[in-house]
Amino acid sequence: KDSWWTGNPPRREQIEEIRSNDPCRLGLPSSLSFIEPLNKSIKPEEVVKFTGGDSLNRRLSGFSLLSGNSIKDFAAYHGYQQIFVDELDYDKSLRYGGYTYRPQWHRVFAMPSLRAKYPGAKYFIWMDDDVLVPYKETDMLNHYINLMEADPEWQMVYGDEAPAYVINSGFFI
């Protein structure tokens with residue numbers, strides 16, 4: 001509903017499936033209606049959430065602080081491991097093959113360090129540092145991880161830019 005935020009946020013049991021005229025989104029649930037534990041083959045600590053840019057100062061102020069705290073609370077609620085990119089040791093010059101890459105490439109350059117720090121991890125989940133997670137209890141990521149676990153051919157999942165009720169490209173597994 002367009003005016004759902006006028007009072008208190010809805011509780012999980014109040015959330016209805018979002019209906020759309022777009023066939024690929026028909027029946028797509030809202031984030032709180034994802035009530036799905038992780039597949040038994042995965043332990044929460046095998047899921048690593050990473051976010052942020054290369055700057056501790058940026059992360060500790062303004063909207064980045066609010067976002068980072070919401071992502072950190074979400075990870076803690078589910079038992080996922082959480083790290084910020086500025087906590088990793090990697091080449092922050094973003095230079096490779098004679099090219100300098102844009103700041104959003106920090107998450108890619110940080111991957112070798114991330115994998116070395118968490119050798120037992122099965123899933124690495126990136127969330128942009130401007131994402132707010134208002135409901136830490138959502139099992140939305142469990143849902144996507146379970147889909148990937150069920151089909152080993154899936155190497156990566158990422159969100160496309162879409163309406164507000166769908167995770168966007170500021171997210172990938």
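No experiment lies behind these values; they were computed from the predicted model shown.

Let us look at helix 5 (residues 140-150). Where helix 5 is concerned, the buried positions are Met140, Leu141, Asn142, Tyr144, Ile145, Asn146 and Met148. In the core, the buried residues of helix 5 are packed alongside strand 1 (47-51), helix 2 (62-78), strand 5 (123-127) and strand 6 (171-172).

All right, on to a nonpolar patch on the surface then. Residues Leu56, Leu60 and Leu65 make up a contiguous nonpolar surface patch of roughly 240 Å² in combined accessible area. Position of Leu56 relative to the elements: it lies in helix 1 (residues 56-59).

With 20 residues, the main nonpolar core has Val47, Ile145 and Ile173 as its most contacted residues. Contributions of two or more residues to this core are made by helix 2, strand 5 and helix 5. Of all the elements, helix 5 adds the most residues to this core, at five residues. Counting residues in each nonpolar core, the second largest holds 15 residues, with Ile83, Leu88, Tyr118 and Ala121 among its members.

For Glu46, the position within the fold is in the segment before strand 1. Despite being buried, Glu46 has no salt bridge partner; Lys122 is the closest side chain of opposite charge, sitting 4.4 Å away. A polar side-chain atom of Glu46 sits 2.8 Å from the main-chain amide nitrogen of Lys43. Ignoring sequence-local partners within four residues, the contact set of Glu46 consists of Ser41, Gly120, Ala121, Lys122 and Tyr123.

Now for the pattern of salt bridges. One pass over the full model with this rule turns up five salt bridges. Residue Arg107 pairs with Asp128 through a salt bridge whose shortest N-O separation is 3.6 Å. In this pair, Arg107 sits in helix 3 (residues 106-109) while Asp128 sits in the loop between strand 5 and helix 5, placing the two residues 21 residues apart along the sequence. Residues Arg107 and Asp128 agree in their burial class; the two are buried. Linking Lys122 and Glu149 is a salt bridge whose minimum nitrogen-to-oxygen distance equals 3.7 Å. Separated by 27 residues along the polypeptide, Lys122 in the loop between helix 4 (111-117) and strand 5 and Glu149 in helix 5 bring together distant segments of the chain. A residue is classified by how much of its surface remains accessible, and Lys122, at 40% relative accessible area, is partly exposed. One network of salt bridges, with partners in common, ties together Arg59, Asp86 and Glu87.

The next thing to look at is the sheet that holds strand 2 (residues 81-84). In spatial order, the strands read 2-1-5-6; together these four strands make up an open sheet with mixed pairing. Edge positions in the sheet fall to strand 2 and strand 6, since each has one partner strand and no second. Examined bridge by bridge, strand 1 and strand 5 share four bridges and lie parallel to one another. The residue bridging Val48 from the neighbouring strand is Phe124, located in strand 5.

Another aspect to go through is the confidence of the model for the chain. Mean pLDDT over the chain works out to 80, with 74% of the residues at or above the 70 mark. This stretch, residues 1-7, has a pLDDT under 50; its non-local contacts, to residues over four places away or in other chains, come to five contacts. Contacts for the low-pLDDT stretch residues 9-21, under 50 throughout, to residues beyond four places or in other chains number 30 contacts.

For the rest of this paragraph, the subject is the environment of Arg107. In this structure Arg107 comes out as buried when scored by relative accessible area, which is 16%. Placed 20 residues apart in sequence, Arg107 and Met127 show a C-alpha to C-alpha distance of 9.8 Å. A polar side-chain atom of Arg107 sits 2.9 Å from the main-chain carbonyl oxygen of Gln104.

Cut-offs applied
Residues numbered from 1 in each chain as written. Predicted model: local features only at pLDDT ≥ 70, side-chain atom pairs only at ≥ 80, totals over all residues. Heavy atoms only, no water. Buried < 20%, exposed > 50% of the residue type's maximum accessible area, 1.4 Å probe, protein only. Helix = DSSP H or I, 4+ residues; strand = E, 2+ residues; numbered from the N terminus. Contact = heavy atoms within 4.5 Å. Patch = residues over 30% accessible without salt bridge, like charges linked within 9 Å, V, L, I, M, F, W, Y side chains within 5 Å. Areas by Shrake-Rupley, 256 points an atom, 1.4 Å probe, with all protein chains shown as cover. Salt bridge = Lys/Arg side-chain N within 4 Å of Asp/Glu carboxyl O. Core = buried A, V, L, I, M, F, W, Y, C linked by side-chain atoms within 4.5 Å. Lys, Arg positive; Asp, Glu negative; His and termini not counted. Polar contact = N/O pair within 3.5 Å; in protein donor to acceptor, adjacent residues only side chain to side chain. Pairing = 2+ DSSP bridges. pLDDT = per-residue confidence, 0-100.

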